[in-house]
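Observations on the three-dimensional arrangement
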Amino acid sequence: MKKGIIVLGSSNSKGNTQKICSYVSTLTDYPIIDLKQKNIAEFDYEFRNRNDDFHPLIQEIVDNYELIIFATPVYWYNMSGIMKTFFDRISDCLKIEKDTGRKLRGMHMAVISCGSDKNLKHGFYMPFTETAAYLGMNYLSDIHCWIENGSIPEVVQKELNDFSKSLIQ
Ligand SMILES: Cc1cc2nc3c(=O)[nH]c(=O)nc-3n(C[C@H](O)[C@H](O)[C@H](O)COP(=O)(O)O)c2cc1C
């Protein structure tokens with residue numbers, strides 16, 4: 001069984017994407033890290049933000065887990081800004097925290113998206129798959145979700161059950 005962690009990147013800590021994360025966490029027993037509760041500044045070429053929450057967080061992840069599930073709402077056809085900032089900061093691991101960067105190699109990645117539309121535009125997952133390939137991570141799968149009247153529709157629950165089962169194997 002893979003040891004995994006869910007990285008939630010929503011602007012709403014108690015929003016729809018969190019509901020999905022909570023459901024997956026119950027099925028997998030994976031903890032959720034809420035990026036909204038962290039102080040992670042945007043990428044800086046001079047690394048002046050090197051003492052914010054990013055480095056301890058990524059270090060904890062690479063030292064303790066084999067699988068990262070990135071969970072993002074769809075904001076303007078894209079991943080959330082919070083999630084994008086986290087991805088930008090992975091560049092720190094290629095420049096000043098190279099040991100941490102090397103540990104990402106061989107880890108697994110999966111992605112949860114949550115939108116108001118039931119369908120995602122083509123290419124939504126491309127930044128994730130390409131980042132995984134660039135970092136030498138193994139991209140496992142992705143799943144698109146939505147919420148109806150405040151809860152997870154049955155059809156989405158079923159897909160989440162299969163998604164979660166396939167990940168923990
Ligand atoms: C800034 C913003 C942009 C959005 N853009 C899209 C979009 O492009 N496609 C879509 O399906 N839903 C879009 N939505 C709807 C959200 O993806 C949807 O409500 C989602 O469930 C919100 O998750 P959250 O509660 O974790 O923020 C947008 C919502 C916001 C706030």
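To start, this report covers the structure provided alongside it. Quick caveat, the model's predicted, so the values are computed rather than measured.

Summing up its helical and strand segments, the protein has 7 helices and 5 strands in all. Written out in order from the N terminus, the α and β elements of the protein read β-α-β-α-β-α-α-α-β-α-β-α. What you see for the protein is a C-alpha radius of gyration of 15 Å, in line with the 15 Å of a compact globule of 169 residues. In terms of overall dimensions, the protein has C-alpha extents of about 45 × 35 × 30 Å along its principal axes. When burial is assessed residue by residue, the protein has 47% of its 169 residues classed as buried. In the protein, of all internal contacts separated by at least 6 residues, the share reaching a separation of at least 24 is 78%.

Even without being glycine, Phe47 reaches a positive phi, approximately 55°. Structurally, Phe47 can be placed in the loop between β2 (32–34) and α2 (54–64). Residue classification places Phe47 among the buried positions, given a relative accessible area of 13%. At Trp76, a residue that is not glycine, the phi angle is positive and equals roughly 50°. Summarising the element assignment, Trp76 is placed in the loop between β3 (67–73) and α3 (81–89). Trp76 gets classed as exposed once you look at its relative accessible area, which sits at 77%.

What follows concerns the site of the ligand. The full set close to the ligand counts 13 residues, and Ser10, Thr17, Val74, Tyr75 and Trp76 are the nearest of them. Between the ligand and Ser10, the relevant distance is 2.7 Å, taken from an oxygen atom to a side-chain nitrogen or oxygen of the residue. Measuring from a nitrogen atom of the ligand, one finds a side-chain N or O atom of Ser116 at 3.0 Å. With respect to the pocket detection grid, the ligand is positioned in the largest pocket. Per-class residue counts for the shell around the ligand are 6 nonpolar, 6 polar and 1 charged.

With that out of the way, let us pick up the sheet that holds β2. Reading across from one edge, β2-β1-β3-β4-β5 is the order of the 5 strands in this open sheet, with parallel pairing throughout. The open sheet has two edge strands with one neighbour each: β2 and β5 (138–145). Looking at each pair of strands side by side, their axes are set apart by 20° on average, direction ignored.

In terms of nonpolar packing, the biggest core is built from 29 residues, with Phe70, Phe86, Leu104 and Phe128 touching the most fellow members. Only β1 (4–8), α2, β3, α3, β4 (108–114) and α6 (126–135) provide two or more residues apiece to this core. Sort the elements by how many residues they give to this core and α2 lands first, with 5 residues. Ignoring sequence-local partners within four residues, the contact set of Phe86 consists of Leu35, Ile40, Phe54, Leu57, Ile58, Ile61 and Phe70. Membership of the second largest hydrophobic core comes to 21 residues, among which are Ile6, Trp146, Ile147 and Leu160.

Looking now at a nonpolar patch on the surface. The grouping of Tyr75, Trp76 and Tyr77 at the surface amounts to a nonpolar patch, some 450 Å² of accessible area in total. If you trace the backbone, Tyr75 turns up in the loop between β3 and α3.

Scanning the entire structure with this criterion turns up 8 salt bridges. The partner of Asp92 in a salt bridge is Arg89, and the shortest N-O contact between them spans 3.1 Å. Overall, the relative accessible area of 0% leaves Asp92 in the buried class. One salt-bridge network, held together by shared partners, links Asp52, Arg89 and Asp92.

The rules we used
- Residues numbered from 1 in each chain as written.
- Predicted model: local features only at pLDDT ≥ 70, side-chain atom pairs only at ≥ 80, totals over all residues.
- Heavy atoms only, no water.
- Helix = DSSP H or I, 4+ residues; strand = E, 2+ residues; numbered from the N terminus.
- Rg over C-alpha atoms; globule rule 2.2 N^0.38 Å.
- Buried < 20%, exposed > 50% of the residue type's maximum accessible area, 1.4 Å probe, protein only.
- Contact = heavy atoms within 4.5 Å.
- Near = heavy atom within 4 Å.
- Polar contact = N/O pair within 3.5 Å; in protein donor to acceptor, adjacent residues only side chain to side chain.
- 1 Å grid on protein atoms, 1.4 Å probe; cavity = no way out; pocket = protein on both sides within 12 Å on 5 of 7 lines; lining within 4 Å.
- Sits in = over half its atoms within 2 Å of the grid points.
- Nonpolar A, V, L, I, M, F, W, Y, C, P; charged D, E, K, R; others polar.
- Pairing = 2+ DSSP bridges.
- Axes fitted to C-alpha atoms, helices over the stretch in contact; angles between N-to-C directions.
- Core = buried A, V, L, I, M, F, W, Y, C linked by side-chain atoms within 4.5 Å.
- Patch = residues over 30% accessible without salt bridge, like charges linked within 9 Å, V, L, I, M, F, W, Y side chains within 5 Å.
- Areas by Shrake-Rupley, 256 points an atom, 1.4 Å probe, with all protein chains shown as cover.
- Salt bridge = Lys/Arg side-chain N within 4 Å of Asp/Glu carboxyl O.

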